[in-house]
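# A structural walkthrough
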Amino acid sequence: MTEQTTPPAASRYVMVDAIRTHYWEAGHGDGPPIVLLHAGGYGENAWNSWSRNFAALGANRRVIAPDWLGFGKTDKLRDFGKGNARMMEHMVRFFEVMAIDEADVIGLSMGGTFLVKAMASDAPSPFPVRKMVLVSGGGFSPMNEARQILQEYDGSFEQMRRQLQQVINAPLWEDDEFVRPYHEASLEPGQWEFVSAPRLRAPFAPERGDFGNVDDTPYEKITVPTLLTAGAQDQLREPGYAEAIGQRLPDGEAVVFDPCGHCPNVERADEWNELVVEFLDRS
């Protein structure tokens, strides 16, 4: 008989302003929940970003990990007028619909960058954050060779392996079973189109892009306790960026994993889990 294993999180759906929104839920316990905001990219969704963290984070806390608008099992809707701002509006409404009035929020890459920019805005924070953890989020994102490879995806298994090679320093990407869920996620109907859409540009429109731009985030305005975790071999950020941001935060600290690439919560999951649980439990 094949042994049945229980997934570390349950798959659920909720309607958010007529948008069918998928999320994973794990754990239980007192205190504010932990909300996980996943990375962007062709093979990303909440499961691929956080499956190695659900059990540890959910040992004594409720954990909620939504699929962003356009990713995973959430509806694939792209707002060509508002762009990323529409994704943020949907996520803010997700918090409201789920009645999350206080949370510890963790963002990976795109999720972390969206989160930290929202928290540093002059406007009132759209998220009810008690503590914040950034995983390779924020900072200057150069338009380099690694980033260019991430933007050129043909849907093949081997191209997904090459994509993962840009973000994972350890040879996890050599294992087909590691690559497979990312490849399957990239083939979700509408996901390739959603991720590719920001690079569409009318012939009369000015050049634009999310990468290679000066990072003008006013980190000094962020007052919530913040932990930055980064990888020393991250090809998508400049060396020392996490420590530099940490020094600008009124209540921030940075931990750099070495060796490690862009996703320490994946590559160095056990150590990352221990570090983050200790930070969130700290009074």
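Description of the structure in this document. Bear in mind the structure is a predicted one, so any value in this text is a computation, not a measurement.

### As for the packing of aromatic side chains
Applying the stated criterion across every chain yields a total of 10 aromatic pairs. Seen in terms of ring centroids, Trp68 and Phe114 are 5.4 Å apart; in terms of plane orientation they differ by 90 degrees. Their pairing is edge-to-face. One end of the pair, Trp68, is in the loop between strand 4 (63–66) and helix 3 (84–97); the other, Phe114, is in helix 4 (residues 110–119), with 46 residues separating them in the sequence. Take Trp68 and Phe114: they sit in the same class, and that class is buried. Between the aromatic rings of Phe95 and Phe127, the centroid separation amounts to 4.9 Å while the plane-to-plane angle is 50 degrees, which identifies the pairing as tilted. Placement of the pair is Phe95 in helix 3 and Phe127 in the loop between helix 4 and strand 6 (129–135), with a sequence separation of 32 residues.

### Looking at the environment of Asp176
In this fold, Asp176 is placed in helix 7 (residues 176–186). Taking relative accessible area as the criterion, Asp176 reaches 34% and is therefore assigned partly exposed. In this structure, the C-alpha to C-alpha distance between Asp176 and Arg161, residues 15 residues apart in sequence, is 8.3 Å. For Asp176, the contacting residues outside a window of four places in its chain are Phe157 and Arg161.

### With respect to the side chain of Arg268
The topology assignment puts Arg268 in the loop between helix 10 (264–267) and helix 11 (269–281). In terms of polar contacts, Arg268 uses its side chain to reach the side chain of Glu271, at 2.7 Å. With near-sequence residues (within four places) excluded, Arg268 lies in contact with Phe257, Asp258, Pro259 and Cys260.

### What to know about helix 6 (residues 157–167)
Think of an α-helix as turning once every 3.6 residues; residues three or four places apart then point the same way. The buried count for helix 6 comes to eight of 11 residues, which makes it a mostly enclosed element. When we look at burial in helix 6, the residues that qualify are Phe157, Gln159, Met160, Arg161, Gln163, Leu164, Gln166 and Val167.

Parameters and conventions
- Numbers given to residues run from 1 along each chain, matching the order in which its sequence is written.
- Totals for whole chains, interfaces and linings use all residues, but because this is a predicted model, local features are given only for residues with pLDDT of at least 70 and pairs of side-chain atoms are given and counted only at 80 or more.
- To obtain the side-chain values, all non-hydrogen atoms of the structure were included, while hydrogens and water were left out.
- Only centres within 6.5 Å qualify two rings of Phe, Tyr or Trp (six-membered ring in Trp) as a pair; their planes then separate them into stacked at under 30 degrees, edge-to-face at over 60, and tilted for everything else.
- Only runs of H or I of at least four residues qualify as helices and only runs of E of at least two qualify as strands under DSSP, and these elements are numbered from the N terminus.
- The classification of residues rests on relative accessible area computed with a 1.4 Å probe and restricted to protein chains. Under 20% of the type maximum is buried, over 50% is exposed, and intermediate values are partly exposed.
- Should any heavy atoms of two residues lie within 4.5 Å, those residues are counted as being in contact.
- Polar contact is defined as a pair of N or O atoms within 3.5 Å, subject to the rule that within protein one atom must be able to donate a hydrogen and the other to accept it, and that residues adjacent in sequence are counted only when both atoms are side-chain atoms.

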